[in-house]
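Notes for the structure review
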Amino acid sequence: MAHLAHYREAHPLPFVITHWINLVCMFLLIFTGFCIHYPFFPFFMSMARGIHVFCGFVIFINCVVRIIMAFFVKAAPTGGTREQEVDIKMWLPQKDNRHQALEWVKYYLFLRKTHPLGGKLGVPQKISYLLIPFLLIIMFFTGICLWPPLANTGLCLALLNLVGGPMSMRIIHFFLMFVFIIFCFIHLYLANVEGFEPTKLMLFRKEHGGLTYDPKKHVIDGEDLMGHGEEAAAEPAAQAEAAEEAVA
């Protein structure tokens, strides 16, 4: 399958760091959340609560920092290029892929063999990723409403009364955890549907060769094998045909 080259410019180091923080905190929050709700290890309860609260604050602050950085840190607007633009532009409709929503859905549902080539994020990815900060903020506030040191403060008390008390808030917080678990699986699928190169790039900054893309002309303009393209080089005609279909 033809795919765009994966360059480090797509995920600058600050974004790699915030992604690692999200990954570690998300795992610890889910694990300790289950331990708190279902005390498998009674001796671990006190530590689980401490880790849960700490990671909750860390992932919330990390989310705020990541949103702020989107307005200042530059990243490649798509794969296959080292040119960079302010990151926030990648989260807004792009000329490269704003017309591709239906084609991406077809690809994810196995109704299309090749994925569209254009912006760094596919349309379904953008939508799902944009929802996460809002869900994270809701998750954070439902959590601090259950935390004894803040539960009786003005805002938390008002939110508890709004939903019908601590038990209702606990149920909301608990089931939101499953929303995040489902998102994690969807995220893994969307990020790795064409191979594990995007994950290697995001987690370990490992680049991989592929097609190159001109973000100004919005066209495939070449190929950068980077020592990874032996199979692609053996079938240039098939790759060119796949590239033309993907851009369409």
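Thresholds applied
- Residues numbered from 1 in each chain as written.
- Predicted model: local features only at pLDDT ≥ 70, side-chain atom pairs only at ≥ 80, totals over all residues.
- Heavy atoms only, no water.
- Helix = DSSP H or I, 4+ residues; strand = E, 2+ residues; numbered from the N terminus.
- Expected span 1.5 Å × (residues − 1).
- Buried < 20%, exposed > 50% of the residue type's maximum accessible area, 1.4 Å probe, protein only.
- Contact = heavy atoms within 4.5 Å.
- Core = buried A, V, L, I, M, F, W, Y, C linked by side-chain atoms within 4.5 Å.
- Polar contact = N/O pair within 3.5 Å; in protein donor to acceptor, adjacent residues only side chain to side chain.
- Pairing = 2+ DSSP bridges.
- Salt bridge = Lys/Arg side-chain N within 4 Å of Asp/Glu carboxyl O.
- 1 Å grid on protein atoms, 1.4 Å probe; cavity = no way out; pocket = protein on both sides within 12 Å on 5 of 7 lines; lining within 4 Å.
- Points joined across faces, edges and corners; volume = space filled by probe spheres on them.
- Nonpolar A, V, L, I, M, F, W, Y, C, P; charged D, E, K, R; others polar.
- Phe/Tyr/Trp six-rings, centres within 6.5 Å; stacked < 30°, edge-to-face > 60°.
- Axes fitted to C-alpha atoms, helices over the stretch in contact; angles between N-to-C directions.
- Parallel < 35°, antiparallel > 145°, perpendicular 65-115°, else oblique.
- Left-handed = near helix turned anticlockwise from the far one by under 90°.
- pLDDT = per-residue confidence, 0-100.

With 27 residues, helix α8 (residues 166–192) ought to run about 39 Å at 1.5 Å a step, and its terminal C-alpha atoms sit 39 Å apart, in line with that. Among all positions in α8, only M169, H173, F174, L176, M177, F180, I181, F183, L190, A191 and N192 are buried. Residues of α8 that are buried make contact with α1 (13–37), α2 (45–69), α4 (101–108), α5 (123–144), α7 (154–163) and α9 (197–204).

In this section: the nonpolar core. I59, M177 and F180 are the most contacted members of the largest nonpolar core, which totals 19 residues. Counting residues per element, the ones that place at least two in this core are α1, α2, α5 and α8. Of all hydrophobic cores here, the second largest spans 8 residues; its members include F140, I144, L160 and M169.

Time to look at the side chain of H52. By the element assignment, H52 lies in helix α2. At a separation of 3.3 Å, a polar atom in the side chain of H52 contacts the main-chain carbonyl oxygen of L29.

Another aspect to go through is the pairing of strand β3 (residues 210–214). Most of β3 sits inside the fold, with 5 of its 5 residues counted as buried. Across 5 bridges, β3 lies against strand β4 (residues 219–224) in antiparallel orientation. Note that in β4 the partner of T212 across the bridge is G222. Taken together, β3 and the strand that follows it, β4, pair antiparallel across an intervening segment of 4 residues, in which H218 is found at a positive phi of about 60 degrees.

A separate point is the pattern of salt bridges. For the structure on display, the rule yields 6 salt bridges. Residues R66 and D87 are paired through a salt bridge, measuring 3.1 Å at the closest nitrogen-oxygen approach. Separated by 21 residues along the polypeptide, R66 in helix α2 and D87 in the loop between β2 (85–86) and α3 (88–91) bring together distant segments of the chain. A residue is classified by how much of its surface remains accessible, and D87, at 1% relative accessible area, is buried. Each of E9, R82 and E207 takes part in salt bridges that share partners, so that together they form one network.

This part takes up the layout of surface pockets. Quantified by volume, the second largest pocket comes out at close to 790 Å³. For the second largest pocket, the lining is made up of 27 residues, of which I36, H52, G143, L146 and H173 are closest to its centre. Broken down by secondary-structure element, the contributors of at least two residues to the lining of the second largest pocket are α1, α2, α5 and α8. For the lining of the second largest pocket, the element with the most residues is α2, which contributes 8 residues. A per-class count over the lining of the second largest pocket returns 18 nonpolar, 7 polar and 2 charged.

What follows covers the packing of aromatic side chains. Taken as a whole, this structure holds 20 aromatic pairs when the rule is applied. Relative to Y38, the ring of F34 lies with its centre 6.5 Å away and its plane at 20 degrees, an arrangement referred to as stacked. Residue class for F34 comes out partly exposed when judged on its relative accessible area of 24%. On the accessibility criterion, Y38 (38% relative accessible area) is partly exposed. Ring centres of F34 and F178 lie 5.9 Å apart, and the angle between their planes is 80 degrees; on these two criteria the pair is classed as edge-to-face. With F34 in helix α1 and F178 in helix α8, this residue pair connects regions lying 144 residues apart in the sequence.

A separate point is the packing of α1 against α8. One can describe the packing of α1 onto α8 by two numbers: an axis separation of 11 Å at closest approach and a directional angle of 140 degrees. Judged by the inter-axis angle, α1 sits oblique to α8. Where α1 crosses over α8, the handedness of that crossing is left-handed. Of the residues in α8, those in contact with H19, M26, I30, F34 and H37 of α1 are F174, M177, F178, F180, I181, C184 and H187. Residue classes in the contact of α1 with α8 are distributed as 9 nonpolar, 3 polar and no charged.

Okay, the confidence of the model for the chain next. Considering every residue of the chain, the mean pLDDT works out to 85; 90% of them sit at 70 or more. For the chain, the element scoring lowest by mean pLDDT is helix α10 (residues 230–234), at 46; α2 scores highest, at 96. Long-range and interchain partners of residues 229–237, a stretch whose pLDDT sits below 50, account for 3 contacts in this model, where long-range means more than four residues apart.

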